[in-house]
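Structure assessment
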Amino acid sequence: THTHTHTLCKGHRIAPTLVLKYHRILWLSQLCRTRGAGQITAQAIWEMTTFHKGSGPYGRAMSTAQECGWVATQGWWGWKVPGRQEPLLLYGDKNTIKHEVREQPRSQMLDS
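Residues numbered from 1 in each chain as written. Predicted model: local features only at pLDDT ≥ 70, side-chain atom pairs only at ≥ 80, totals over all residues. Heavy atoms only, no water.

A few words now on helix α3 (residues 56-67). Taking 1.5 Å per residue as the helical rise, α3 with its twelve residues ought to reach 16 Å, and the 16 Å between its terminal C-alpha atoms agrees with that figure. Where α3 is concerned, the buried positions are Tyr58, Gly59, Ala61, Met62, Ser63, Thr64 and Ala65. Elements that come into contact with the buried residues of α3 comprise α1 (19-33), α2 (37-47) and β4 (78-80). One or two steps after α3, the chain reaches Gly69, where phi turns positive at roughly 90°. (Helix = DSSP H or I, 4+ residues; strand = E, 2+ residues; numbered from the N terminus. Expected span 1.5 Å × (residues − 1). Buried < 20%, exposed > 50% of the residue type's maximum accessible area, 1.4 Å probe, protein only. Contact = heavy atoms within 4.5 Å.)

Next up, the structure:
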């Protein structure tokens with residue numbers, strides 16, 4: 001059978017059902033690396049205890065990471081990722097983050 005995939009970039013493909021998860025978490029990663037109002041707003045939302053989780057781009061990205069089994073360990077930018085010893089820092093190396101974001105939803109899908 002032919003499996004349909006979505007090309008993320010040259011040499012990297014992902015199932016269409018995982019594309020949205022990939023882009024949401026990468027959006028959060030980009031927010032971590034871009035100084036300014038976006039980071040300040042994200043930190044303010046993180047510090048609120050009563051914000052509506054899952055709403056807006058930040059809430060959807062956070063919910064997506066949690067759905068993938070990620071647990072925030074160092075604010076909204078550091079995550080314990082299943083199968084990974086050290087925390088994944090979203091402001092870290094872009095290629096490492098992209099790899100983890102591709103692999104986690106894929107392995108989660110294969111495990112279920």
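For the coordinates displayed, the defined rule picks out two salt bridges. Measuring nitrogen to oxygen at the nearest pair gives 3.4 Å for the salt bridge that ties Arg84 to Glu86. Under the relative-accessibility criterion, Arg84 is labelled buried at 14%. Between Arg84 and Glu100 there is a salt bridge, with its nearest N and O atoms 3.2 Å apart. (Salt bridge = Lys/Arg side-chain N within 4 Å of Asp/Glu carboxyl O.)

Structurally, the position occupied by Thr64 is in helix α3. Beyond its immediate chain neighbours, meaning those up to four positions away, Thr64 contacts Lys21, Arg24 and Ile25.

Per the stated rule, a full pass over the model turns up three aromatic pairs. Plain terms: the ring middles of Trp76 and Trp77 are 6.0 Å apart, the flat faces sit at 80° to each other, and that makes the pair edge-to-face. Given the relative accessible area of 3%, Trp76 is considered buried. Under the relative-accessibility criterion, Trp77 is labelled partly exposed at 26%. Members of the aromatic cluster, each reached through a chain of ring pairs, are Tyr58, Trp76 and Trp77. (Phe/Tyr/Trp six-rings, centres within 6.5 Å; stacked < 30°, edge-to-face > 60°.)

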